[in-house]
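Coordinate analysis (summary)
If you want the building blocks of each chain, they are given just below.
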Amino acid sequence: RFGAKKGDRAKLSTNMAFEPAQLLKRIQVAIDNVEKGLGKMDSKQRAIKSKGLEDAMRDIVTLIEKAEKAQEDVTEFLEELMKLNILKSLIFHLHYFTKEGKQDVRGLWLKSIRNRKARKTLWNHIRENPEILILLVRGASVKCYDSGEIFRACLINSSAVHYLVLNSPLVWQYFKFVAQEDFELSSDAFKSFKTILSRRKADKEKRGITKFLKDNFDMFFKKFCDLLMSDVFHVKLQALKLLSEILQKRENFSVMVKFISYPSHLHLMIDNLCADDSREKGMKFQAFHVFKFFVANPKKGKTILNVLRARRTEILRTLIEMKRTEEQSEIEYGRELPLLIDRIRELE
């Protein structure tokens, strides 16, 4: 009895050819068949074996969907998928599934995450099997976007999972993933990186991110500046967007103050702000929203003032041109742009 209506303990009332217990046994056998031949099969043989696993998984998805439509509680069944390590095994084999198979795996995971009762069991399952997170993160390097969606759903819905990732080597792997030349791979990795570093709601999570940035300031921003100097346009642009998000968070004020005390960081922002490439309008916009922190800081150090004075002419030329073209584009800088122009003009 893996599913029952609320207030009832009846079996799932579906017209499936298999009972739930039979389906679980069938998918376990299918997983064993695939894993027995690992290292011995070529890609064609593995695809054939994986087809049997996908078929068994499709029947499970269909069973759950029918049960949900009949308003039956599928919590026990979902928890059984965890206890038998079926959800973990599906992540392990995810890369080898067809597009439809990957969608079914994602669907099973998202159903487990969205089920309030099963969710608690899932978080405990991940804590006891942290290799699940490693498998999900691995998808960021092999064009397995479904694993990215599952990973982000786990991060968003569980403070415990977010804590595990933020305090593990996994977070550092994203500097490599986001730097990829492949636009789709890089963009998907940036979505996960942003989910880890900026898109959090709980105060406890926000404090955890701030502590991480403070404790790892030198290494983190050294790696981040490498992204900002990338020759790959989309990598540099996305990195600037994320940097702006991080520094504008109220809870990261002390991190922002430290970041804008580095002359090398200021030079980097000016380089991006004043770039001549015609593609750089979006880049200028993102760089502007980081550059403004340096100028607006009432306690600018002597080294920062020296950089601003030394590059005053090119900064002014760029800002005035941005002001002139603002009305002709969809980009808006508001009252901050004329204010920055005045501040730079005042520098001697």
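Reading the values: rules and limits
- Residues numbered from 1 in each chain as written.
- Predicted model: local features only at pLDDT ≥ 70, side-chain atom pairs only at ≥ 80, totals over all residues.
- Heavy atoms only, no water.
- Helix = DSSP H or I, 4+ residues; strand = E, 2+ residues; numbered from the N terminus.
- Buried < 20%, exposed > 50% of the residue type's maximum accessible area, 1.4 Å probe, protein only.
- Areas by Shrake-Rupley, 256 points an atom, 1.4 Å probe, with all protein chains shown as cover.
- Lys, Arg positive; Asp, Glu negative; His and termini not counted.
- Charge placed at Lys NZ, Arg CZ, Asp CG, Glu CD.
- Axes fitted to C-alpha atoms, helices over the stretch in contact; angles between N-to-C directions.
- Left-handed = near helix turned anticlockwise from the far one by under 90°.
- Contact = heavy atoms within 4.5 Å.
- Nonpolar A, V, L, I, M, F, W, Y, C, P; charged D, E, K, R; others polar.
- Expected span 1.5 Å × (residues − 1).
- Phe/Tyr/Trp six-rings, centres within 6.5 Å; stacked < 30°, edge-to-face > 60°.
- Lys NZ or Arg CZ within 6 Å of the ring centre and 35° of its normal.
- Polar contact = N/O pair within 3.5 Å; in protein donor to acceptor, adjacent residues only side chain to side chain.
- Core = buried A, V, L, I, M, F, W, Y, C linked by side-chain atoms within 4.5 Å.
- Salt bridge = Lys/Arg side-chain N within 4 Å of Asp/Glu carboxyl O.
- Disulfide = S-S within 2.5 Å.

1. Let's talk about the overall build of the protein chain
From N to C terminus, the protein chain includes 20 helices and two strands. Reported as C-alpha extents along the three principal axes, the dimensions of the protein chain are approximately 80 × 45 × 40 Å. Across the 348 residues of the protein chain, 50% fall into the buried class. With an accessible surface of roughly 18100 Å², the protein chain has 50% of that area assigned to carbon and sulfur atoms. Charge-centre separation for the protein chain: the mean point of 65 positive side chains lies 3 Å from the mean point of 47 negative side chains.

2. Focus on the packing of helix 16 (residues 263-273) against helix 17 (residues 281-296)
Put simply, helix 16 and helix 17 touch, their axes get as near as 8 Å, and they point 145° apart. Crossing hand, helix 16 versus helix 17: left-handed. Residues His 265, Leu 266, Met 269, Ile 270, Asn 272 and Leu 273 of helix 16 form the contact with helix 17, whose own contacting residues are Met 283, Lys 284, Ala 287, Phe 288, Val 290, Phe 291 and Phe 294. Of the residues assigned to the contact of helix 16 with helix 17, the class counts are ten nonpolar, two polar and one charged.

3. Digging into helix 5 (residues 99-114)
Between its first and last C-alpha atoms helix 5 spans 22 Å; for 16 residues at 1.5 Å apiece the expected length is 22 Å, and the two agree. Within the span of helix 5, buried status applies to Gly 101, Lys 102, Asp 104, Val 105, Leu 108, Trp 109, Leu 110, Ser 112 and Ile 113. Buried residues belonging to helix 5 abut helix 2 (43-69), helix 3 (75-83), helix 4 (86-92), helix 6 (116-128), helix 7 (131-138) and helix 8 (145-157).

4. Some thoughts on the packing of aromatic side chains
Tallied over the full model, the rule gives 16 aromatic pairs. Centroid distance Phe 212 to Phe 220: 6.0 Å. Interplanar angle 85°. Geometry classified as edge-to-face. One Lys or Arg, Lys 258, reaches over the ring of Phe 217 and ends 4.4 Å from the middle of that ring. When the ring centre of Phe 293 is taken as origin, the NZ or CZ atom of Lys 292, which lies over that ring, is 5.8 Å away.

5. Observations concerning the environment of Asn 115
Checked against the element boundaries, Asn 115 lands in the loop between helix 5 and helix 6. Of the residues examined, Asn 115 reaches a relative accessible area of 15% and is grouped as buried. Along the sequence, Asn 115 and Lys 241 sit 126 residues apart, while their C-alpha atoms lie 33 Å from each other. If sequence neighbours within four positions are ignored, Asn 115 has contacts with Asp 73, Val 74, Thr 75 and Leu 78. Engagement of the side chain of Asn 115 in a polar contact is seen with the backbone nitrogen of Ala 118, the distance being 2.8 Å.

6. So, the environment of Arg 26
Within the secondary structure, Arg 26 is located in helix 1 (residues 20-36). Relative accessible area serves as the criterion here: at 27%, Arg 26 is assigned to the partly exposed category. Sequence separation of Arg 26 and Ser 159 is 133 residues, and the distance between their C-alpha atoms is 34 Å.

7. As for the side chain of Lys 88
Along the chain, Lys 88 falls in helix 4. Setting aside residues up to four positions removed in sequence, Lys 88 forms contacts with Trp 109, His 125, Asn 129, Glu 131, Ile 132 and Leu 135.

8. Concerning the nonpolar core
Counting 111 residues, the largest nonpolar core has Trp 109, Phe 220, Phe 224, Phe 291 and Leu 319 as its most contacted members. Sequence-distant contacts of Phe 291, that is, excluding residues within four places in its chain, are made with Leu 266, Met 269, Ile 270, Leu 273, Leu 308, Ile 315, Leu 319, Leu 340 and Ile 344.

9. Description of the pattern of salt bridges
Using the criterion set out here, one finds 15 salt bridges in the structure. Here Glu 131 makes a salt bridge to Lys 88, at a shortest N to O gap of 2.8 Å. Highlighted residues: Glu 131 in helix 7 and Lys 88 in helix 4, separated in sequence by 43 residues. By relative accessible area, Glu 131 is classed as partly exposed at 31%. Across the pair Lys 211 and Asp 215 runs a salt bridge, and its minimum N-O distance is 2.7 Å. Linking Lys 211 with Asp 215, this pair stays in helix 12 (residues 203-215), spanning four residues, or about one helical turn. Look at Lys 211 and you get exposed, because its relative accessible area is 52%. Taken together, the shared-partner salt bridges in this structure form one network comprising Arg 106, Asp 146 and Glu 149.

10. Some points on the state of the cysteines
With the rule as written, the count across this model stands at zero disulfides. In this structure Cys 154 is a free cysteine whose sulfur lies 14 Å from that of Cys 144, the closest cysteine sulfur available. Cys 225 provides the cysteine sulfur closest to Cys 274, a residue in no disulfide bond, and the two sulfurs are 17 Å apart.

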